[in-house]
Amino acid sequence: MPLVKTAIVAAALAVFAPFVAAQETKVAIAISGWTGFAPLTLAKEAGLYKKHGLDVTIRKIPQKDRHLAIASGDIQCAATTVETWIVWNANGVATTQIFQLDKSYGADGMVVKPNVAKIADLKGKTVAADAPGTATYFTLAWMLKKNGLSMKDVKVVNLSPQAAANAFIAGNAELDAGMTYEPYLSAVRAKPEAGKIIATTLDYPMVMDTFGCTPKFLADNPKAAKALADGYFDALEMIKSDPKKSFEIMGADVKQSAEQFEGSQKHLRWQDRAANRKFFAGEHAQFSKEAADLLLEAGIIKQVPDLSKLADTRFIQ
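Residues take numbers from 1 onward in each chain, read along the sequence in its written order. Note on the predicted model: pLDDT of at least 70 is required for a residue's local features to be given, and 80 or more for side-chain atom pairs to be given and counted; whole-chain, interface and lining totals, by contrast, use all residues. Hydrogen atoms and water are omitted, and side-chain values are computed over all heavy atoms in the structure.

Engineer: What's the story with the overall build of the protein in this structure? I'm lost.
Structural biologist: Numbering goes from the N terminus for both helices and strands, where a helix is a DSSP run of H or I of at least four residues and a strand is a run of E of at least two. Per the secondary structure count, the protein includes 13 helices and 11 strands. Taken over the C-alpha trace, the protein has a radius of gyration of 21 Å; the compact-globule value for 317 residues is 20 Å, and the two agree within 12%. Principal-axis analysis of the C-alpha atoms gives the protein an extent of 85 × 40 × 35 Å. Exposure categories follow from relative accessible area, calculated using a 1.4 Å probe and restricted to protein chains: below 20% of the type maximum is buried, above 50% is exposed, and the middle band is partly exposed. In the protein, buried positions account for 51% of the 317 residues. Contact criterion: two residues are considered in contact whenever any of their non-hydrogen atoms come within 4.5 Å of each other. Considering only intrachain contacts with a sequence separation of at least 6, the fraction spanning at least 24 residues in the protein is 80%. For this count, His and the chain ends are skipped, Lys and Arg are scored as positive, and Asp and Glu as negative. Where a charge lies is defined by one atom per residue type: Lys uses NZ, Arg uses CZ, Asp uses CG and Glu uses CD. The positive charge centre, built from 37 side chains, and the negative charge centre, built from 33, are 1 Å apart in the protein. To get the radius of gyration, use the C-alpha atoms; to get the globule rule, take the number of residues to the power 0.38 and multiply by 2.2 Å.

Engineer: Any chance you could explain empty space enclosed by the protein here in plain terms?
Structural biologist: Rolling a probe over the atoms, with the probe sized like a water molecule, indicates the empty space that remains. Any residue with an atom within 4 Å of a point lines the site, the site being either a cavity, points on a 1 Å grid over the protein atoms alone where a 1.4 Å probe fits but cannot get out, or a pocket, an open set with protein on both sides within 12 Å along at least 5 of 7 lines. Grid points are joined across faces, edges and corners, and a volume is the space filled by probe spheres set on the points. Enumeration according to the criterion identifies 2 cavities of 30 Å³ or more in this entry. When contributions to the lining of the largest cavity are tallied by element, the ones reaching two or more residues are α2 (38-45) and α11 (243-253). Of the residues that constitute the lining of the largest cavity, the class distribution is 7 nonpolar, 4 polar and 1 charged. Each pocket or cavity is described by its volume, and for the second largest cavity that value is around 30 Å³. Three categories are distinguished: nonpolar for Ala, Val, Leu, Ile, Met, Phe, Trp, Tyr, Cys and Pro, charged for Asp, Glu, Lys and Arg, and polar for the others, with Gly belonging to the last.

Engineer: Even after reading the chapter, I still don't get the nonpolar core, so can you show me in this structure?
Structural biologist: Soluble globular proteins: nonpolar side chains tend toward being buried together. In this text, buried Ala, Val, Leu, Ile, Met, Phe, Trp, Tyr and Cys residues form a nonpolar core when linked through side-chain atoms within 4.5 Å. By size, the foremost hydrophobic cluster in this structure holds 92 residues, and its most contacted members are L40, F99, M110, F211, L228 and Y232. Counting residues per element, this core draws most heavily on helix α10 (residues 222-241), which supplies 11 residues. Residue contacts for M110: discarding those within four places in its chain leaves I119, L122, L140, M143, A177, G178, M179, K196, I197, I198 and A199. By size, the runner-up hydrophobic cluster in this structure holds 10 residues, among which are A28, A30, W88 and V93.

Engineer: It is not clear to me how the pattern of salt bridges should be interpreted in this structure. Could you clarify?
Structural biologist: When a carboxyl oxygen of Asp or Glu is within 4 Å of a side-chain nitrogen of Lys or Arg, the pair counts as a salt bridge. Taken as a whole, this structure holds 15 salt bridges when the rule is applied. The salt bridge involving D312 is made with R314; its shortest N-O contact spans 2.8 Å. Salt bridges sharing common partners tie together K226, D230 and R273.

Engineer: In this structure, what is going on with the UniProt feature "domain: SsuA/THI5-like" (unreviewed entry) in the protein? I would like to understand it.
Structural biologist: Annotation from UniProt places "domain: SsuA/THI5-like" (unreviewed entry) at residues 35-245. Secondary structure content for residues 35-245 is 41% helix and 24% strand, and the end C-alpha separation is 16 Å. UniProt positions are given in the numbering used here, feature names are shortened, and annotations may be inferred rather than shown by experiment.

Engineer: When you look at the layout of surface pockets in this model, what are you seeing that I'm missing?
Structural biologist: Taken as a whole, the largest pocket encloses approximately 580 Å³ of empty space. Forming the boundary of the largest pocket are 31 residues, of which S32, G33, Q162, Y181 and Y184 lie nearest the centre. Where the lining of the largest pocket is concerned, the elements lending two or more residues are α4 (63-72), β3 (77-81), α6 (135-145), α7 (161-169) and α8 (184-189). If one sorts the elements of the lining of the largest pocket by residue count, α7 sits on top with 4 residues.

Engineer: Would you mind showing me how to read the sheet that holds strand β1 (residues 25-31) here?
Structural biologist: The pairing of strands in a sheet happens through backbone hydrogen bonds and is either parallel or antiparallel. Ordered by their spatial adjacency, 6 strands build an open sheet running β2-β1-β3-β10-β4-β11, and the pairing between neighbours is mixed. The strands lining the two open edges of the sheet, one partner per strand, are β2 (54-60) and β11 (268-270). Taking each pair of neighbouring strands and ignoring which way they run, the sheet shows an average axis angle of 25°. To define axes, lines are fitted to C-alpha atoms, for helices over the stretch in contact only, and angles between the resulting N-to-C directions are given on a 0 to 180 degree scale. Along the sheet, α2 makes contact with β1, β2, β3, β4 (96-104), β10 (208-213) and β11, crossing β2 at roughly 135°. Only when DSSP finds a minimum of two bridges between them are two strands counted as paired.

Engineer: Help me understand the confidence of the model for the protein, please; the structure alone is not making it clear to me.
Structural biologist: As a note on interpretation, predicted positions should not be read in detail where pLDDT is low. You can read pLDDT as the predictor saying how much it trusts each residue, on a scale of 0 to 100. In this model, the protein carries a mean pLDDT of 92, and residues with pLDDT of at least 70 account for 93%. Predicted confidence for residues 1-9 stays below pLDDT 50, and this span has 0 contacts to residues more than four positions away or in other chains. Overall, residues 15-21 carries pLDDT values under 50, and its contacts beyond four positions in sequence, including any with other chains, amount to 0 contacts.

Engineer: Would you mind showing me how to read the packing of aromatic side chains here?
Structural biologist: How two aromatic rings sit relative to each other is set out by the distance from centre to centre and by the angle between their planes. Two rings from Phe, Tyr or Trp (for Trp, the six-membered ring) form a pair when their centres are within 6.5 Å of each other. A pair whose planes differ by under 30 degrees is stacked, one over 60 is edge-to-face, and the rest are tilted. Taken as a whole and judged by the stated rule, the model has 13 aromatic pairs. Seen in terms of ring centroids, F99 and F211 are 4.9 Å apart; in terms of plane orientation they differ by 15°. Their pairing is stacked. Taken together, the residues span a long stretch of sequence, with F99 in strand β4 and F211 in strand β10 at a distance of 112 residues. Note on accessibility: F99 and F211 belong to one class, buried. An angle of 15° between the planes, with centres 6.4 Å apart, marks the rings of F261 and W270 as stacked.

Okay, structure coming up:
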């Protein structure tokens, strides 16, 4: 008799399984190890996205290559800085931002050799930054401009944020400055003899991240897009209600302890639903305009895309 019951249950599950699978929308998203993106990992690992009917695959792809993965169809959505969406759209990779992830409050910065007193002293010097079209390259351009310099005044060596921090920690004699972010910036903080942090986004509040997808994905899957936003906001609630477990999950993804991760997240602010509504009500458009002008001036883009089409705020309501 038990065998008959087992067979009946197995048959029922076999019939039901395709139905369950059909209810989950598959979506592949690209991020990096940046602390600000960690709630996306938490939403996946804690089952929050699954609860919203999503089958999410997260891929770690360097920022300089993320748009190529979108263009190829390997991923449908990504997380990156606000100005990067401008670059991607200007270069023919159509993408639309749907919610804000974080704002940096000291989590991005410039590290310099001890003999560099101010940013203006970097004229003619060598600076490590990621490739054009990335956050650290743009942050460098922004900080130089605010100090009367341009990208033409420095020699840029292309290193990823992690590699730039590691170069300073290792005592690379060729570099005068480097651009990096958390959790790698904290590694430099922990070794002041290797270099000092001369400026961060506390001094220049211009690094903010958003999440976006291709227009086709949004048109074909509006419910999934809403679920991506809701899952992120659920993750923020989980961080509040169960910080220890949340920090453990998010820290493990970047090989940090819960305590180390808690330390790195103190330098940014994740943006909840209310903050999102406020941001897209005016600040997003204002910043995008200033960023586009600088991207054009720095030669990172050749023309400014239609900035009014870069965001769709339906999914944060």
